[in-house]
Amino acid sequence: MGDMILAWRNVWRNPRRSLLTILAIVFAAVLLVFMLSFQFGSYEDMINATVRQSTGHLQVQSPGYHDRQEMHLVVADAQHLVAEIEPINGVSNVALRSEAFALMSGEKRSRGTTIFGIQPEKEKKVTTLPRQIKQGRYLQKGDHGVALIGSLLAKRLQLTIGDECTMLGQGKDGSIAAALFTIIGIYTTGVDAVDRATVHITFADFNHIFFMEKAAHRVIITAEHLADITPITQALQSNPAFRSLTILTWDKLAPGLRQSMELDLISGIIMYIILVVVVAFSVLNTFFMAFFERTREFGVLLSIGARPARLVRMILTESMLLTFTGIALGTLIGIGLTVYFSHQGISFGDGGELLAQYGFEDRFYPRLSWMSACLGPALLLIITFFTALIPALKVPDLKPVDALRSC
Amino acid sequence: MYIILAWRNLWRNRRRTLIILTAVIIGISSMIVMAAFSRGTVQGMVSNSINNLVGHIKIEHQQHPADPAIEHRIITPEKLLRQITAMLPPGSRVVQRIRADAMLSTSREHVGLVLVGIDPDLEQGVSFIGRPPAQGTLFGNQNQGGIIVGRSLLKKINGKLGQKVVITCQGADGTNIAKAFRIQGVFATELESTERAFAFVQLHTMQQMLGVGNDITEIAIQLPDNNGNPPVDLAATTAFLQANVSDKQLLARNWRQMLPAISSYLEMFDGFMLIWYLIVFLAMAFGLVNTMLMAVYERMREFGLLQALGMRPGCIIKMVMSELLLLLTFGCSISSVAAFITVHFFFSSGIDLAIFAEGAEFWGISRIIYPLLTSWDIIAANSVVLLLGMFTGLYPALRATKFSPVQTMRHV
Amino acid sequence: MAIVTVNNVSRIYHQGKTEFKALDDVSLTINKGEFTALAGPSGSGKTTLLNLIGGIDTADKGTILLDGQDLSSLKKGELADLRLQDIGFVFQSFNLIPVLTAAENVEYILRLQKIPSSIRRQKVKAILADVGLADKADQRPSELSGGQQQRIAVARAVVASPAIVLADEPTANLDSVTGQKLLDLMQQMNTDKQVTFVFATHDKMVMDYARRVITLKDGRIADDIRK
Ligand SMILES: Nc1ncnc2c1ncn2[C@@H]1O[C@H](COP(=O)(O)OP(=O)(O)OP(=O)(O)O)[C@@H](O)[C@H]1O
Ligand SMILES: [Mg+2]
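Within each chain, residue numbers correspond to sequence positions counted from 1 in written order. Chains and ligands are labelled by the order in which they are written, letters from A for the one and numbers from 1 for the other. Residue-level local features of this predicted model are given only where pLDDT is at least 70; pairs of side-chain atoms are given and counted only at 80 or more, and the full residue set underlies all totals for whole chains, interfaces and linings. Heavy atoms throughout the structure, all of them, feed into the side-chain values; hydrogens and water do not.

Engineer: Give a description of the overall build of chain B that names residues and reports values.
Structural biologist: Only DSSP runs of H or I covering at least 4 residues are called helices, and only runs of E covering at least 2 are called strands; the numbering of each starts at the N terminus. Across its full length, chain B holds 15 helices and 12 strands. For this measure, only C-alpha atoms enter the radius of gyration; the expected value for a globule follows 2.2 Å times N^0.38, where N is the number of residues. Against the 2.2 N^0.38 benchmark of 22 Å for 412 residues, chain B shows a C-alpha radius of gyration of 31 Å, more extended than a compact globule. Overall size of chain B, expressed as C-alpha extent along the three principal axes, is 100 × 45 × 30 Å. Of all 412 residues assigned to chain B, the portion counted as buried reaches 55%. Contacts are residue-level and defined by heavy atoms, with any inter-residue pair within 4.5 Å sufficient. If you take every contact in chain B between residues at least 6 apart in sequence, the share linking residues at least 24 apart comes to 77%. If you sum the accessible surface of chain B, you get close to 17,900 Å²; carbon and sulfur atoms cover 61% of it. When a residue's accessible area, from a 1.4 Å probe over protein chains only, is under 20% of the maximum for its type it is buried; when over 50% it is exposed; and in between it is partly exposed. Here the open area of atoms and residues is found with the Shrake-Rupley method and a 1.4 Å probe, where only the protein chains shown may cover a residue.

Right under this line is the structure:
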């Protein structure tokens, strides 16, 4: 007969009340575990989408290029650097990319666009673009004089597969750069800005047309896991070959992304705190009742010499037993629900269109992690504990005579 | 009678009533305050988009949305403009614009953007460009060679006020045209992407440059009272315009049609809010049932006695339910007032998301969020709690009818 | 040898503006091994006096010495320990913790005294046998009759060998036969184990059993008879 058993029996003196209290806590725990897994899952999707679509986990650039994309700010001898980066642990892919602004013209019309010079054999492994080709095919190694263009741009310039277009821009040295291309693929990413004003050509063609002298604007590194980013960054920083270059991680490359997640998380957490406080007040009455309906009993216990601290501990234990049972059950159910939906996915129906605009997929997959499984229940535990203290701390004020007189 | 009895019974255990009342009040007022903030955010998103050269209703050549080329323009719009103005409710604003894809070049940089020819006087209150510029001035009538660019664009091209830039675009006859402009003003908007996407020149400067006479590419209409709901039916007005414009080549669309994503989000929004109400309600429902159960069990003898004296079960149910009704009504009224005070006094100047500026930009929301309290949200939150709350009372009320006098006497 | 010494004790209740002296300048001494009843009409201050001696209420005037210790000089926690070690309580009713079995209720006090479990079990077993309820050890209070509950309460009060057991109307809720059995039990404890008992009571039978009867009236000692 430990104090634990005593508390446990006290909990079940009023089974209906205790069950309702546990249910309230279960409800909150399930919701928190599931929602946090859902949020963290979508963040990871967002990071991966951005990382795959454009930025990579890490980039090596010439200092200043990140702020102003000027043609002459290049990483010279880029191929040599790739050889330095590839052997680093955790690096899954290294690709070179260059960008320039140029006027693209079809037979009758023209438009200013961003031209990307890419290494198709490398980008193919990471970007989603190959899957977004709606007509024609993706670029291949060895392609020459061919281009991929966005679907809205194709419409605008009245171009289809096999048509020729001209490109007019400025080379790295400021001289005029001009070339003729055949369209071999048209892509629809769902992001209007990309579909309306971008063109992809091979890195070799770009190098040639814009007089890049084998330099690149960006060395794009994809890591195996998000956790690999820090060690890779450290490895690069300690390598003298990178001393005069800037190393940028995804959160610097796409600062809006990180902040948007923080904003979302903070508004989420505000909601969760409100929710938990409401639950805490809902169960506070139970905690109080456990105290008030037993005042006489506490009077007897105090009379026979139990110290008040012991009684405080006892009713705290009772409250916490309820809480723990609720949290344990709720967390388990929450985890189960999350695991189920992490295979199944959650469809947003009509909202898909909206999500596409932000670069999401139309199905969400909650993802369970230590963080998402523990954060909510921990919050619940802390707030409920402080709630349970409110009635428990009334015990030391209790005078045995008064307690004995009440019934 | 029931109400007085219920009121006294409620305060028999003051602490318990106060605690559950606190839960209810925190619940409902946070429902309403959160709704006000979410709605304010969405409203900001909507008005940002509408101000973003969209307008409530836009009329353009039917090919222009899919293929914004200069050949898809509105020819000699004067008569059409008069016609439209006559069809709209008083207080509506009608502006004409011409837009074309263009390239803006400095000696070192080229950027692609959309060049828009505007009549600056008419744009006031219709789009962001009608606001006083962040730097410099809006061009007057005499200044033919001035251009207004966005703050971010200026930074990107490393330019400054008064600097010359060259605009290249395609004229009506298909030839490329280049013309020099002087940066005369800088505009700033909520969204950085807008600051990069557009540059503005005088309407007839651009008409001359493109060689299109008086032609334009779009007519944007701002209906009166843009903050709340417009007083006229948006869809009906759009259909009416579409049916009555003389030129059958033209297409009238309202912002809901032009911004389908935001529009569908708005439609889902009320649903999201209801889900949030339900979740918070459930969180307090357990407490409600529990508290009512305690109140009922504590008066077990009393209910047994009343039944022994011949009170019908229906009356007992009524007694318990009126206590709950009173508790909830009390909670609802206090919460609504509390929410109102919170929104109007504590957050009247909005919440500044400056530290998340780029994150806000990502979601397309304004940097400062002003909560928007609507009667719909207040009514919806209160009804959810009242209706479903009464529902939760059924269980304790039915329990109360089950206490028989014999049983209660045994129970001490 | 005096176990309890009460010197000029008063206990005053304030009801609004008027004062009410529940005890008015009471002095008495109780020696080891006594079997004493506090008698007197309802409201005369019996319970008040018992509570003061037991250290669960505090006097407004005067001093109370228990085993030579001045109760008013003790802190809350020290008072609790004193009650735990030196005093046993038996109340009129609701003495027991409803979620604990009879044996566990008795054992609880030993547990508070941090006595090892093997000794605890022996002591509980012995005392339950003494009060004649060895077979009811695993029943909960709600499964016991009123008399049985009171006997368990007595067992709990004496199990830790306190200097004094204070019993407030222990027989008030019992019929006379059951009440008599309880009194026999306590008398036996008193003679066999030298446990000191003080009762507050209306019950004529208790006064017959008692070897000393102190009669209170309006908060003062009206009579003190030793048989
Ligand atoms: N907490 C209190 N507040 C005010 N008056 C009190 C309080 N406790 C006791 N009294 C008063 O003190 C007086 C003595 O009470 P006490 O309980 O000691 O009487 P008693 O002799 O035990 O009576 P009974 O035989 O009815 O148990 C009574 O008149 C009572 O009204
Ligand atoms: Mg008494």
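Engineer: Run through the domain arrangement of chain B, naming residues and quoting values.
Structural biologist: Residues and elements named next belong to chain B. An automatic or database domain assignment is the source of the domain bounds shown. The domain boundaries assigned to chain B delineate domain 1 (2–48 + 263–410) and domain 2 (56–258). Distance from the C-alpha centre of domain 1 to the C-alpha centre of domain 2: 49 Å. Taken residue by residue, the interface counts 11 residues in domain 1 and 9 residues in domain 2. Of the roughly 830 Å² buried at the junction of domain 1 and domain 2 (both faces included), carbon and sulfur atoms supply 44%. Looking at the side of domain 1 facing domain 2, the largest losses of area belong to S263, E361 and R367, adding up to 49% of the total buried there. Throughout this description, the term salt bridge denotes a Lys or Arg side-chain nitrogen within 4 Å of a carboxyl oxygen of Asp or Glu. Linking domain 1 to domain 2 there are 0 salt bridges. A 3.5 Å cut-off defines polar contacts: any pair of N or O atoms within that distance qualifies, except that in protein one atom must be a possible hydrogen donor and the other a possible acceptor, and neighbouring residues in sequence count only when both atoms are side-chain atoms. If you look at where domain 1 meets domain 2, you find 1 residue pair in polar contact (both at pLDDT 80 or more). Among the elements of the structure, α2 (14–51) and α10 (260–298) are those that each provide at least two residues to the side of domain 1 that touches domain 2. All amino acids are sorted into three groups, where Ala, Val, Leu, Ile, Met, Phe, Trp, Tyr, Cys and Pro are nonpolar, Asp, Glu, Lys and Arg are charged, and the leftover types, Gly among them, are polar. Of the residues belonging to the side of domain 1 that touches domain 2, the class tally is 3 nonpolar, 5 polar and 3 charged. Joining two parts hides part of their accessible area as seen by a 1.4 Å probe, and the buried area is that hidden amount summed over both.

Engineer: Please provide a residue-by-residue account of the side chain of R17(A), values included.
Structural biologist: When you line up the elements, R17(A) lands in helix α2 (residues 15–55). Within the local environment of R17(A), its side chain forms a polar contact with the side chain of E293(A), the two groups lying 2.8 Å apart.

Engineer: How would you summarise the nonpolar core if you had to cite specific residues and measurements?
Structural biologist: Core analysis: the largest hydrophobic core is formed by 241 residues, its most contacted members being I84(B), L104(B), I147(B), I219(B), I221(B) and W255(B). With 18 residues, α10(B) is the single largest residue contributor to this core. In contact with I219(B), other than residues within four places in its own chain, are I57(B), K58(B), I59(B), I74(B), L80(B), L81(B), I84(B), V94(B) and V95(B). If you look at the next biggest cluster of nonpolar residues, it comprises 32 residues, including V300(A), L28(C), L79(C) and F91(C). The nonpolar core is taken to be a set of buried Ala, Val, Leu, Ile, Met, Phe, Trp, Tyr and Cys residues, with the residues joined through side-chain atoms within 4.5 Å.

Engineer: Which residues make up the sheet that holds strand β6 (residues 87–90) of chain C, and what values do they have?
Structural biologist: All names here are of chain C. Judged by pairing direction, the sheet is mixed, and its 6 strands sit side by side in the order β6-β7-β8-β3-β9-β10 without closing on themselves. Both edges of this open sheet fall to β6 and β10 (220–226), since each of them pairs with a single strand only. The mean angle between the axes of side-by-side strands here comes to 15 degrees, regardless of whether they run parallel or antiparallel. Axes here refer to lines fitted to C-alpha atoms; in helices the fit is confined to the stretch in contact. Angles between the N-to-C directions go from 0 to 180 degrees. Here helix α5 (residues 146–159) sits on the sheet and contacts β6, β7 (164–168) and β8 (196–200); the angle it forms with β6, its principal contact strand, is near 170 degrees. Paired strands are those between which DSSP finds at least two bridges.

Engineer: Which residues make up the pattern of salt bridges, and what values go with them?
Structural biologist: Residues and elements named next belong to chain B. Following the criterion strictly, the structure yields 39 salt bridges over all chains and no others. For D270, the salt bridge is made with R39, and the minimal N-O distance between the two is 2.8 Å. Taken together, the residues D270 in helix α10 and R39 in helix α2 connect sequence positions 231 residues apart. Exposure remark for D270: the relative accessible area of 29% places this residue in the partly exposed category. Judged by relative accessible area, R39 falls into the buried class, the value being 13%. Of the charged contacts, one joins D215 and R73 as a salt bridge, the two residues approaching to 2.9 Å between their closest N and O atoms. Of this pair, D215 sits in the loop between α7 (203–210) and β9 (218–222) while R73 sits in the loop between β1 (57–61) and α3 (78–87); the two residues are 142 residues apart in sequence, bridging distant segments of the chain. Because the salt bridges share partners, they merge into one network encompassing K58, R97, R99, E123 and E218.

Engineer: How would you sum up the site of ligand 1? Please name residues and give values.
Structural biologist: Proximity criterion: a residue is near a molecule or strand once any of its heavy atoms comes within 4 Å of it. Taken together, 15 residues lie around ligand 1, and S42(C), K46(C), T47(C), T48(C) and H202(C) are the ones closest in. Site remark: ligand 1 is flanked by residues from chains A and C. The side chain of Y13(C) places a nitrogen or oxygen atom 3.3 Å from a nitrogen atom of ligand 1. The separation between an oxygen atom of ligand 1 and a polar side-chain atom of S42(C) is 2.5 Å. The protein chains hide 73% of the 630 Å² of surface that ligand 1 would expose on its own.

Engineer: Kindly report on the packing of α10(B) against helix α14 (residues 375–401) of chain B, identifying the contributing residues and their values.
Structural biologist: Residue and element names in this part refer to chain B. With their axes 8 Å apart at the nearest point, α10 and α14 run at an angle of 30 degrees to one another. Classified by the angle between their axes, α10 and α14 sit roughly parallel to one another. As for how α10 packs across α14, the hand of that crossing is right-handed. Tallied by class, the residues present in the contact of α10 with α14 amount to 22 nonpolar, 2 polar and 3 charged. With respect to orientation, any angle under 35 degrees is reported as roughly parallel, any angle over 145 as roughly antiparallel, any angle of 65 to 115 as roughly perpendicular, and every other angle as oblique. Crossing chirality is assigned from the near helix's rotation relative to the far helix, an anticlockwise turn below a right angle marking it left-handed and a clockwise turn marking it right-handed.

Engineer: Explain the pairing of β9(B) residue by residue, including any values.
Structural biologist: Residue and element names in this part refer to chain B. With 5 of 5 residues buried, β9 lies mostly within the body of the structure. In this sheet, β9 lies alongside β1 in antiparallel orientation, the contact comprising 4 bridges. Within the sheet, the bridge partner assigned to K58 lies in β9 and is A220. Bridge count for strand β2 (residues 93–105) against β9 is 5 bridges, and the pairing is antiparallel. In the strand pairing of β9, Q96 is matched with I219.

Engineer: Describe in detail the environment of I247(A), supporting the description with residues and values.
Structural biologist: All names here are of chain A. Residue position: I247 is located in strand β10 (residues 246–249). You can call I247 buried: its relative accessible area is 18%. It is 9.5 Å that separates the C-alpha atoms of I247 and V219, two residues lying 28 residues apart in sequence. If we ignore the near neighbours within four places in the chain, the residues touching I247 are L58, Q59, V60, T233, L236, Q237 and F242.

Engineer: Just give me the short version of the packing of aromatic side chains, but keep the residues and values in it.
Structural biologist: Given two aromatic rings, their pairing is described by the distance between the two centres and the angle made by the two planes. Aromatic contacts are taken between Phe, Tyr and Trp rings whose centres are within 6.5 Å, Trp giving its six-membered ring; a plane angle under 30 degrees counts as stacked, one over 60 as edge-to-face, and the others as tilted. Within this structure, the stated rule accounts for 21 aromatic pairs over all chains. The interplanar angle of 70 degrees and the centroid separation of 5.5 Å between the aromatic rings of F35(C) and F197(C) together place this pair among those described as edge-to-face. Residue F35(C) is found in strand β3 (residues 35–39), and its partner F197(C) is found in strand β8; the two are separated by 162 residues along the sequence. Put simply, the rings of F34(A), F38(A), Y340(A) and F341(A) touch in pairs and so form one group of aromatic residues. Counted as over-ring charges are cases with an Arg CZ or a Lys NZ within 6 Å of the ring centre that also lie within 35 degrees of the ring normal. Lying over the aromatic face of F181(B), K179(B) brings its terminal NZ or CZ to 5.2 Å of the ring centre.

Engineer: Residues and numbers for the side chain of Q207(B), please.
Structural biologist: All names here are of chain B. Secondary-structure assignment places Q207 in helix α7. At a separation of 3.2 Å, a polar atom in the side chain of Q207 contacts the main-chain carbonyl oxygen of N214. Sequence-distant contacts of Q207, defined by excluding residues within four places in its chain, comprise I98, V212, G213, N214, D215 and I216.

Engineer: So what's going on with a nonpolar patch on the surface? Which residues, and what values?
Structural biologist: Like charges within 9 Å and nonpolar side chains (Val, Leu, Ile, Met, Phe, Trp, Tyr) within 5 Å are joined into patches, using only residues over 30% in relative accessible area that form no salt bridge. On the surface, a cluster of nonpolar side chains totalling about 550 Å² of accessible area is made up of V337(B), F340(B), I341(B), F345(B) and F346(B). Within the secondary structure, F346(B) is located in helix α12 (residues 313–346).

Engineer: Describe in detail the sheet that holds strand β4 (residues 61–66) of chain C, supporting the description with residues and values.
Structural biologist: Residues and elements named next belong to chain C. The 4 strands are arranged β2-β1-β4-β5 in an open sheet whose pairing can be described as antiparallel. Each edge of the open sheet is held by one strand with a lone partner, namely β2 (18–31) and β5 (69–70). Where helix α1 (residues 46–53) meets the sheet, its contacts fall on β1 (2–15), β2 and β4, and the angle it forms with β1 comes to roughly 125 degrees.

Engineer: I'd like to hear about the confidence of the model for chain B, residue by residue, with values.
Structural biologist: Close reading of the predicted structure is inappropriate where its pLDDT is low. As a per-residue measure, pLDDT tells how confident the predictor is, with possible values from 0 to 100. Of the residues in chain B, 94% reach a pLDDT of 70 or more, and the chain-wide mean stands at 83. Looking at the elements of chain B, mean pLDDT is at its lowest for helix α15 (residues 405–410) of chain B, recorded as 58, and at its highest for strand β8 (residues 198–202) of chain B, recorded as 91.

Engineer: Outline the interface of chain B and chain A, listing residues and values.
Structural biologist: Residue-level contacts link 66 residues of chain B with 57 residues of chain A. Roughly 5,200 Å² of surface becomes buried between chain B and chain A when both sides are summed, with 65% attributable to carbon and sulfur atoms. Counting every contact that joins chain B to chain A gives 3 salt bridges. Salt-bridge contacts for D101(B) lead to R156(A); the nearest nitrogen and oxygen are separated by 2.7 Å. Looking at the side of chain B that touches chain A, the elements with two or more residues in it are α2, β2, β3 (110–118), α5 (151–156), α10, α13 (357–363) and α14 of chain B. A per-element tally of the side of chain B that touches chain A places α10(B) first, with 22 residues. Grouping the constituent residues of the side of chain B that touches chain A by class yields 37 nonpolar, 17 polar and 12 charged.

Engineer: Got a sec to walk through the packing of α2(B) against α12(B)? Specific residues and values, please.
Structural biologist: Residue and element names in this part refer to chain B. Contact geometry of α2 with α12 gives a least axis separation of 8 Å together with a crossing angle of 45 degrees. Relative to α12, α2 is oriented oblique. Considering the relative orientation of α2 and α12, their crossing is right-handed. Across the interface between the two elements, T17, I20, L21, V24, I25, I28, S29, I32, V33 and A36 from α2 touch L327, F330, G331, C332, I334, S335, S336, A338, A339, T342 and V343 from α12. Grouping the amino acids of the contact of α2 with α12 by side-chain chemistry returns 15 nonpolar, 6 polar and no charged.

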